[in-house]
Amino acid sequence: KLGFITDPFGDLEGVLANTWDGRDSAGRGMFLFGTLKSAGLSSRSERRQGSDPCLVISSASARRTSRGVVQLSYRVSADAHVQVALTNIAGRPIAELQQDAKADRLMTRSWNGRSSKGTLCPAGRYLCTIQACSDDGQSSRIMIPVWK
């Protein structure tokens, strides 16, 4: 069964999930595809066989503050190391943030609008991919839009 990634911009519409992440294989465990209905965004969680509960990222959002800083927030269902990657709409890497997240807490990170090289990024649409990995090998990923 193939899952599809949906995105609110329509730029990624119709991208097959197994093409998108390149990780689908029979030997890797079970892949769960779910949709966050409130935002119309896709979430993907990976559960290896014999591991419970499944690591899930929820309540993901991005909000621009009055000073031009973007505040990213999310929750994870279990303690995990989280990598937040910002890309432009073409998928080119802009910045990367890392954080250790605690289960069921609202976690926040701020992006100052600069690339990893320190240059100021132009105003526009960006994509934020939040990927969480737990100590027992589970991983989950979600993509949200960011306006700067």
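The rules behind the values
- Residues numbered from 1 in each chain as written.
- Predicted model: local features only at pLDDT ≥ 70, side-chain atom pairs only at ≥ 80, totals over all residues.
- Heavy atoms only, no water.
- Helix = DSSP H or I, 4+ residues; strand = E, 2+ residues; numbered from the N terminus.
- Buried < 20%, exposed > 50% of the residue type's maximum accessible area, 1.4 Å probe, protein only.
- Contact = heavy atoms within 4.5 Å.
- Areas by Shrake-Rupley, 256 points an atom, 1.4 Å probe, with all protein chains shown as cover.
- Phe/Tyr/Trp six-rings, centres within 6.5 Å; stacked < 30°, edge-to-face > 60°.
- Pairing = 2+ DSSP bridges.
- Polar contact = N/O pair within 3.5 Å; in protein donor to acceptor, adjacent residues only side chain to side chain.
- Axes fitted to C-alpha atoms, helices over the stretch in contact; angles between N-to-C directions.
- Core = buried A, V, L, I, M, F, W, Y, C linked by side-chain atoms within 4.5 Å.

S.K.: Can you walk me through the overall build of the chain in this structure?
M.R.: Check the secondary structure of the chain and you find one helix and nine strands. When the 148 residues of the chain are sorted by exposure, 39% land in the buried category. Long-range contacts, defined here as pairs at least 24 residues apart, represent 47% of the contacts in the chain between residues at least 6 apart. Per element, the accessible surface of the chain, about 8500 Å² overall, is 49% carbon and sulfur.

S.K.: Looking at this model, I keep getting lost on the packing of aromatic side chains. Mind explaining?
M.R.: Given two aromatic rings, their pairing is described by the distance between the two centres and the angle made by the two planes. Taken as a whole, this structure holds one aromatic pair when the rule is applied. Between the aromatic rings of tryptophan 111 and tyrosine 126, the centroid separation amounts to 5.4 Å while the plane-to-plane angle is 70°, which identifies the pairing as edge-to-face. Linking tryptophan 111 in strand β7 (residues 107-111) with tyrosine 126 in strand β8 (residues 125-133), this pair joins segments that are 15 residues apart in sequence. For tryptophan 111, a relative accessible area of 2% gives the class buried.

S.K.: Just checking my understanding: could you explain the pairing of strand β3 (residues 57-64) for this structure?
M.R.: Every regular strand shows the same layout, with side chains that alternate between the two sheet faces. Both β3 and strand β4 (residues 70-76) contribute to a ladder of six bridges, which runs antiparallel. Its bridge partner being in β4, serine 58 is matched across the sheet by arginine 75.

S.K.: So what exactly am I meant to see when it comes to the side chain of glutamine 138 here?
M.R.: Relative to the helices and strands, glutamine 138 is located in the loop between β8 and β9 (139-147). In terms of polar contacts, glutamine 138 uses its side chain to reach the backbone amide nitrogen of leucine 55, at 2.8 Å. A polar side-chain atom of glutamine 138 sits 3.0 Å from a polar atom in the side chain of aspartate 136.

S.K.: Where do I start with the sheet that holds β3 in this structure?
M.R.: To summarise the sheet geometry, strands pair through backbone hydrogen bonds and adopt either a parallel or an antiparallel arrangement. Strand order in the open sheet formed by three strands is β3-β4-β7, with antiparallel pairing between adjacent strands. Either end of the sheet is taken by a strand with one partner, and the two such strands are β3 and β7. When the angles between neighbouring strand axes are averaged without regard to direction, this sheet yields 15°. Bridge count between β4 and β7: five bridges; the pairing is antiparallel.

S.K.: Help me understand the nonpolar core, please; the structure alone is not making it clear to me.
M.R.: Soluble globular proteins: nonpolar side chains tend toward being buried together. Of all hydrophobic cores here, the largest spans 25 residues; its most connected members are Tyr74, Val76, Val82, Trp111, Cys128, Ile130 and Val146. Mapped onto this core, the elements with two or more residues apiece are β3, β4, β5 (80-88), β6 (93-101), β7, β8 and β9. What cysteine 128 contacts, discounting residues up to four positions off in sequence, is Leu72, Val84, Ala85, Leu86, Ile142, Met143, Ile144 and Val146.

S.K.: Mind showing me how you'd approach unusual backbone geometry here?
M.R.: Among all residues except glycine, the phi angle is most often negative; among peptide bonds, the trans geometry is most common. At serine 59, a residue that is not glycine, the phi angle is positive and equals roughly 55°. Given the relative accessible area of 43%, serine 59 is considered partly exposed. With a phi angle near 60°, aspartate 104 is a residue other than glycine that sits in the positive phi range.

S.K.: In this structure, what is going on with the environment of leucine 55? I would like to understand it.
M.R.: Looking at where leucine 55 falls in the secondary structure, it is placed in the loop between β2 (41-47) and β3. Between the C-alpha atom of leucine 55 and that of alanine 132, which follows or precedes it by 77 residues, the distance is 8.0 Å.

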